[in-house]
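So the chains spell out like this:
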Amino acid sequence: MQTKIKYEFITKMWQHNAPEGWYFVSLPKVISKEIREHLKWQEEGWGRMKAAAKIGVVRWDTAIWFDTKADTYILPIKAEIRKKTNLKVDHNFQMQVWV
């Protein structure tokens, strides 16, 4: 099993193309830059990289995508995770991501 690097940060959830669009968090640019410089080789198609994420006590396997327009990685937040963690758009929360 490959050792993963843990990143911890404060972020906000946002919605793409509200009201029907997907929900995401953007990783901080400094973290995204570090990931891109050292781990870009792990990216699959469309800048996708396997990851794990944790908000509160809820941890799940997911992926991050590099958004070239925002120059940062974004992570989708599915309805199941939003419900379990009681997340709201534009509210600060702490999360961890392993890549």
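Rules of the game
- Residues numbered from 1 in each chain as written.
- Predicted model: local features only at pLDDT ≥ 70, side-chain atom pairs only at ≥ 80, totals over all residues.
- Heavy atoms only, no water.
- Pairing = 2+ DSSP bridges.
- Helix = DSSP H or I, 4+ residues; strand = E, 2+ residues; numbered from the N terminus.
- Axes fitted to C-alpha atoms, helices over the stretch in contact; angles between N-to-C directions.
- Contact = heavy atoms within 4.5 Å.
- Salt bridge = Lys/Arg side-chain N within 4 Å of Asp/Glu carboxyl O.
- Buried < 20%, exposed > 50% of the residue type's maximum accessible area, 1.4 Å probe, protein only.
- Phe/Tyr/Trp six-rings, centres within 6.5 Å; stacked < 30°, edge-to-face > 60°.
- Lys NZ or Arg CZ within 6 Å of the ring centre and 35° of its normal.

Caption draft 1: Representation of the sheet that holds strand E5 (residues 72-76) in the model. Pairing is antiparallel in the closed barrel, where six strands are placed in the order E1-E2-E5-E4-E3-E6. Between one strand axis and the next, the sheet turns through 45° on average, direction left out of account. As paired strands, strand E2 (residues 23-26) and E5 are joined by three bridges and run antiparallel to one another. Bridge pairing links valine 25 to leucine 75 in E5. Across the sheet, helix H1 (residues 29-39) touches strand E1 (6-15), strand E3 (48-55), strand E4 (58-67) and E5, and the angle it forms with E1 is around 120°.

Caption draft 2: The pattern of salt bridges, seen in detail. Under the definition given, this model contains five salt bridges. The salt bridge involving arginine 48 is made with glutamate 44; its shortest N-O contact spans 2.5 Å. Relative accessible area serves as the criterion here: at 26%, arginine 48 is assigned to the partly exposed category. Taking relative accessible area as the criterion, glutamate 44 reaches 40% and is therefore assigned partly exposed. Overlapping salt bridges bring together Glu44, Arg48 and Lys50 as one network.

Caption draft 3: A look at the environment of lysine 78. Locating lysine 78 in the fold gives a position in the loop between E5 and helix H2 (79-85). Owing to a relative accessible area of 58%, lysine 78 belongs among the exposed residues under this scheme. Considered as a pair, lysine 78 and tryptophan 22 are 56 residues apart in the sequence and their alpha carbons are 7.9 Å apart.

Caption draft 4: Seen up close, the packing of aromatic side chains. Inspection of every chain in the model, using the stated rule, returns two aromatic pairs. Here the aromatic rings of phenylalanine 66 and tyrosine 73 are separated by 5.0 Å at their centres, their planes lie at 75°, and the arrangement is edge-to-face. Like phenylalanine 66, the residue tyrosine 73 is buried in the burial classification. A cation over a ring is seen here: arginine 36 above phenylalanine 66, with NZ or CZ 3.8 Å from the ring centre. For the cation-ring pair, arginine 59 lies above tryptophan 98, with the distance from its terminal atom to the ring centre recorded as 3.9 Å.

Caption draft 5: Spotlight on the pairing of E4. Relative to E4, E3 is paired through eight bridges, and the arrangement is antiparallel. If you follow arginine 48 over to E4, its bridge partner there is tryptophan 65. Where E3 folds back onto E4 in an antiparallel hairpin, the turn is made up of two residues, including glycine 56, whose phi is positive at roughly 60°. Bridge count between E4 and E5: three bridges; the pairing is antiparallel. Note on E5: the bridge partner recorded for phenylalanine 66 is tyrosine 73. Hairpin geometry of E4 and E5 is characterised by an intervening segment of four residues between the two adjacent antiparallel strands and by a positive phi of about 60° at aspartate 71.

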